Amino acid sequence: MADGTRSVRGGSPASSPVLGGGGRATAVAAAGGSSPPGHGFRRVTLTKPTFCHYCTDFIWGLAGYQCEVCNFMSHEKCLKNIKIPCSCVAPSLVRVPVAHCFGSPGHYKRKFCTVCRKSLESPALRCEVCELHVHTDCILFACSDCRQCHQDGHQDHDTYHHHWREGNLSSSARCEVCKKTCGSSEVLSGMRCEWCGILAHAACYIIVAPECTFGRLRNMILPPSCVQLFSRNFSKLHCFRVTENLQTEPDEDDDVDGSTQGSTKDVQISTDSSKQTLKIFDGNDAVKRNQFRLISVPRIAKNEEVVEAALRAYYINDDEQEYELQTFTQQALLSDDVINRNDAVEDSNLSSVFRESVPEAWVIRAKPKDEEVIRIYPAWLKVGMAYVSLRVNKDSTTQTVVKEVLPLLGKQTECLENFKLVEVLMGSKQVQRMVLDSQELILNRLKDIRKTSIRQMNQTRFYIVENNKSIVRVNLLVGGLPPQLSREDYTNILKAELAIKTNVVSVSHVYQAQGAVVLEISCFSEAERIYMLVKDTTINDKPLNVVVIPEVVASKIPQNCCPVLVFVNPKSGGLKGRDLLYSFRKLLNPHQVFELTNGGPLPGFHTFCKVPSFRVLVCGGDGTVGWVLGALEEIRHKLACSEPSVAILPLGTGNDLGRVLRWGAGYSGEDPYSILVSVDEADDVLMDRWTILLDADEPAEGAENGVAEPEPPKIVQMNNYCGLGIDAELSLDFHHAREEEPGKFNSRFHNKGVYVKVGLQKISHTRNLHKDIKLQVDQQEVELPSIEGLIFINIPSWGSGADLWGSDSDNRFEKPRIDDGLLEVVGVTGVVHMGQVQGGFRSGIRIAQGSYFRVTLLKPIPVQVDGEPWIQAPGRIIISAAGPKVHMLKKSKKQKKTGSMKEMRGDMSISEGGR
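**What about the state of the cysteines?**
Here comes step 1: Throughout the structure, instances matching the rule amount to zero disulfides.
Here comes step 2: The cysteine C52 is free of any disulfide, with C55 supplying the nearest cysteine sulfur at 3.7 Å.
Here comes step 3: Residue C562 stays outside any disulfide, its sulfur separated by 6.9 Å from that of C641, the closest cysteine.
Here comes step 4: Among the residues examined, C562 registers a relative accessible area of 23% and is labelled partly exposed.

Take a look at the structure:
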């Protein structure tokens, strides 16, 4: 774009009467009101098709208006209506600072950076909790405005407002207020509440009533006010149990490719002889990390012009007269003794900063001030956001500031010792808090912050906080311990392996069957030490695992709320599991979404152990569903809701249980929101579960001293079916093929192809299974026909949807149901017969129906239970009912029409007289 020919400057916080008024302020100013959004617009010549960020319409002609800081593009007619704040003032509008949870960089099509508003063409970052997308070099300038998903002891609220996020909406999105299209695939535009999902124009969302009711999914969302998590310096990835990929991203304090990446996107190295490209550092921290931004300016530019360009590069819209440039030298890095070029004899305002001897790297510094206006935020405010502006001088200390602020907040009678001043650095990846010493000089503190980083000063706030005695309680679930030990034994193991301090660490819960304990820790540093140490600890050659567990306050859960506990197996369904994890974290509270590869189902069930009523959604194959149901059976007695209903999102290969319960043959990209609505409307049904006792006669291998000891009995649980013979043999061959090349088994199509291949290899294979086993049904001997496979079925779906029992009526047997307390026994004569059954041409050979089975194996035979195969030694197999029936959710046939976006996202109230 060409140079600007006319400048239209927007307002900035510095021009606000609250900040710039003479004398000391005596009023509380509500932030985010009708103050200008802080843009600095300049008329530019357009060289390519451009769209307005306000109305999303095409900008006709050759001229448009662009913000010099955040790249906001606008028609001239739209300038007066713009409500979206500039990136430079956005940190001042954050209501409650909450850090984001960034994963590893990835490629995101049709997405735009929230900071610079440009397309994400290169690898970028996204928050795992909200819809924030940002370039890797823009992350330092992103606001700490993530969703507040739990209470952490700082500014906790029981009433939640809409959490608006701009842009990255589909082009078909419609505004809830005016019903017109508000999304765009060309620019960053439109607003969306990240709790209830309502959509609106930037001009319309301001008239929406502020309180959020969580929309259509309100009864399924775990309210943030019910969740407590004291995390302090724990990474957001740890707090939300987001698996860290092998490809790690730099920390916020590390060099995020600052030496090159931040500059190449914004400024190309100038080949114009009349311009020069400069490196700009914003403080000592950037110098030490070699983290700079590039600007391109004319060689004849004055100091003020270069300072202004440098401030824009760091998203600062302050008065350039308050800053100065200092040359960057090696001495600056070692001793901080930076040469101030403005001390030169000649008038710096009239001379060019570029000469033959002038270096190409500069440090931007704030000029010293004798007095300054700072904002003080009351931390106890429960509704809205407000601050008091206070003028401080070189004699002002923390104590004097507290003394002057308290009367303005109606706290005249309070004792000064009951309050403290807290400095809060609102970084995009971590919110850091530091209590200031009562005698610390405020101006010196501001000077130190600016000397470290001009950018950090723009992200720093001061809160006045009451000295309430805070209770520190961090819960860590440690798994991988030896099972079936006592609380005392587990405590001794942790003392020996982790050197835990029993005065601040106690074992609050013990899960003996799973070999896991929950540690309650009353010291942040001890919690962080244990967390890091557990990851590198093994016991009996088995690595330990640890998960940060939030605490759910059941008494705060609304009576009609039945939150859904979501388990996702990311290894199922290729990459679809990871996409679903991301989607469900966005739609729900991320504290109710658990990744099964990170500690299994136990962390989720423990988190919900006090919730009086909840449902479970399992995203995975039939094996994953069995895993979760088995864990539920083991800890059912420790749950306040001992019989939660379980829904299925099928991600596996066969998905027979998902088919029976109407959840489909497999996930094929349906809208996760629609899936949650279906779970909410699903019907509760009962299903039998079965216990299989495997008692082998042959001795265990490796008996010592030549004395053979029998292998101890083994117990497994069955939900779908149990197969002996050719059926299990095919599953075993498939299992071995998957273990050899696991990377190839990432789609249902490929998996079924492998099944066909191993089946063809067995097509001419004959076995006389009926001669190798004996069957008793309900204490009665049953004569077996000539078969190669014997299958016990609990549900009317086998082998990816085949009806093995058949639909023909038979007076000998009852009509099968999943809750009748009976298993059906079916035989197959070989691979060809199995293929005919799966093709729907035949059914199996009906053998028996009963509730108690005893199978005697005369030789080693392949066995599979719910898709998990192995070779079973000669002995006995006993199958019987397993305790109470489980509650499952069956997808309702009559789905309510979701209709418009308003009906889908739900419940938006518009303030009267707002338009």
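**Quick look at the nonpolar core**
Here comes step 1: Membership of the largest hydrophobic core comes to 175 residues, with the highest contact counts inside it found for F584, F605 and L617.
Here comes step 2: Residues in contact with F584, not counting those within four places in the same chain, are V566, V568, V593, L617, C619, L649, P672 and L676.
Here comes step 3: Listed in part, the 29 residues of the second largest apolar core include W690, L823, A848 and I877.

**Quick word on the packing of aromatic side chains**
Here comes step 1: If you walk through the whole model with that rule in mind, you get 17 aromatic pairs.
Here comes step 2: Between the aromatic rings of F58 and W60, the centroid separation amounts to 4.8 Å while the plane-to-plane angle is 70 degrees, which identifies the pairing as edge-to-face.
Here comes step 3: Relative to Y315, the ring of F141 has its centre 5.0 Å away and its plane inclined at 45 degrees; by these criteria the two rings are tilted. Here Y315 lies in the loop between α5 (303-313) and β14 (323-327) and F141 lies in the loop between β7 (133-135) and β8 (164-166), a separation of 174 residues in the sequence.
Here comes step 4: By relative accessible area, F141 is classed as buried at 6%.
Here comes step 5: Of the residues examined, Y315 reaches a relative accessible area of 4% and is grouped as buried.
Here comes step 6: Ring-pair connections join several aromatic residues into one group, and the members of that group are F51, F58 and W60.
Here comes step 7: Across the ring face of W195, the terminal group of R147 is positioned such that the distance to the ring centre comes to 4.3 Å.
Here comes step 8: Cation over ring: K714 sits above W870, and NZ or CZ is 4.9 Å from the ring centre.

**Points about the pairing of strand β38 (residues 789-793)**
Here comes step 1: Counted residue by residue, β38 has five buried out of five residues, so it is predominantly covered.
Here comes step 2: Side chains of β38 alternate between two faces, with G789, I791 and I793 and L790 and F792 buried alike.
Here comes step 3: Two elements, β38 and strand β39 (residues 823-828), share five bridges in a ladder whose sense is antiparallel. By the bridge assignment for β39, G789 is matched with V828.

**Concerning the pattern of salt bridges**
Here comes step 1: By the definition in use, this model includes 23 salt bridges.
Here comes step 2: Among the salt bridges present, the one from E372 reaches R450, with a minimum N-O distance of 2.3 Å. Of this pair, E372 sits in strand β16 (residues 371-378) while R450 sits in helix α8 (residues 442-452), placing them 78 residues apart in sequence.
Here comes step 3: Residue D688 pairs with K885 through a salt bridge whose shortest N-O separation is 2.5 Å. Of the two residues, D688 is situated in the loop between β32 (683-687) and β33 (690-696) and K885 in the loop between β44 (875-881) and β45 (886-890); the sequence distance between them amounts to 197 residues.
Here comes step 4: Of the residues examined, D688 reaches a relative accessible area of 4% and is grouped as buried.
Here comes step 5: We classify K885 as partly exposed; its relative accessible area is 30%.
Here comes step 6: One continuous salt-bridge network, built from bridges that share partners, spans R42, E68, E308 and R312.

**Focus: the pairing of strand β21 (residues 474-479)**
Here comes step 1: Of all six residues that make up β21, six are buried, and the element is covered over most of its length.
Here comes step 2: Note that β21 and strand β26 (residues 545-549) share five bridges and pair antiparallel. Paired with N475 across the strands is I549, a residue of β26.

**A few points about the sheet that holds strand β23 (residues 516-521)**
Here comes step 1: Read across the open sheet, the four strands follow the order β22-β23-β21-β26; overall the sheet is antiparallel. For this open sheet the edge positions go to β22 (505-511) and β26, each flanked by a neighbour on one side alone. Along the sheet, successive strands turn relative to each other by an average axial angle of 25 degrees, direction set aside.
Here comes step 2: Where β21 meets β23, five bridges bridge the pair, whose relative direction is antiparallel. Each residue of the ladder has a partner; that of V478, found in β23, is V517.

**Here we look at the environment of P644**
Here comes step 1: Inspection of the secondary structure assignment puts P644 in the loop between α14 (622-635) and β31 (645-650).
Here comes step 2: Separated by 243 residues in sequence, P644 and H887 have C-alpha atoms that sit 6.6 Å apart.
Here comes step 3: Contacts of P644, omitting those with residues within four sequence positions, involve F614, V616, L632 and H887.

**Comments concerning the sheet that holds β14**
Here comes step 1: Reading across the sheet, the four strands line up as β13-β12-β15-β14 and stay open at both edges, with mixed pairing between neighbours. The sheet terminates laterally at β13 (293-298) and β14, the two strands that pair on one side only. Averaged over neighbouring strand pairs, the angle between their axes works out to 40 degrees when direction is ignored.
Here comes step 2: Sheet topology places strand β12 (residues 275-281) next to β13; six bridges connect them, and they run antiparallel. The residue of β13 that forms the bridge with L278 is I295.
Here comes step 3: α5 contacts β12, β13, β14 and β15 (361-366) of the sheet and is inclined by roughly 150 degrees relative to β13.

**Structural notes on the environment of Y490**
Here comes step 1: Secondary-structure assignment places Y490 in helix α10 (residues 487-498).
Here comes step 2: The residues touching Y490, leaving out its near neighbours within four places in the chain, are L481, P482, P483, Q484, L485, V510, Y511, Q512, G515 and V517.

**Brief notes about the packing of helix α12 (residues 576-587) against helix α16 (residues 672-681)**
Here comes step 1: Two numbers describe how α12 lies on α16: the axes approach to 10 Å, and their chain directions differ by 65 degrees. Relative to α16, the element α12 lies roughly perpendicular. Relative to α16, α12 is oriented so that their crossing is right-handed. Residues L580, S583, F584 and L587 of α12 pack against P672, Y673 and L676 of α16.
Here comes step 2: For the contact of α12 with α16, the class distribution of residues is six nonpolar, one polar and no charged.

**A few points about α5**
Here comes step 1: Of all eleven residues in α5, eight are buried, a share of seventy percent or more.
Here comes step 2: Of all the positions in α5, only N303, E304, V306, V307, A309, A310, L311 and A313 are classed as buried.
Here comes step 3: Looking one or two residues past α5, Y315 carries a phi angle of roughly 55 degrees, positive in sign.

Rules of the game
- Residues numbered from 1 in each chain as written.
- Predicted model: local features only at pLDDT ≥ 70, side-chain atom pairs only at ≥ 80, totals over all residues.
- Heavy atoms only, no water.
- Disulfide = S-S within 2.5 Å.
- Buried < 20%, exposed > 50% of the residue type's maximum accessible area, 1.4 Å probe, protein only.
- Core = buried A, V, L, I, M, F, W, Y, C linked by side-chain atoms within 4.5 Å.
- Contact = heavy atoms within 4.5 Å.
- Phe/Tyr/Trp six-rings, centres within 6.5 Å; stacked < 30°, edge-to-face > 60°.
- Helix = DSSP H or I, 4+ residues; strand = E, 2+ residues; numbered from the N terminus.
- Lys NZ or Arg CZ within 6 Å of the ring centre and 35° of its normal.
- Pairing = 2+ DSSP bridges.
- Salt bridge = Lys/Arg side-chain N within 4 Å of Asp/Glu carboxyl O.
- Axes fitted to C-alpha atoms, helices over the stretch in contact; angles between N-to-C directions.
- Parallel < 35°, antiparallel > 145°, perpendicular 65-115°, else oblique.
- Left-handed = near helix turned anticlockwise from the far one by under 90°.
- Nonpolar A, V, L, I, M, F, W, Y, C, P; charged D, E, K, R; others polar.

Shape is all these values report; function is a separate question.
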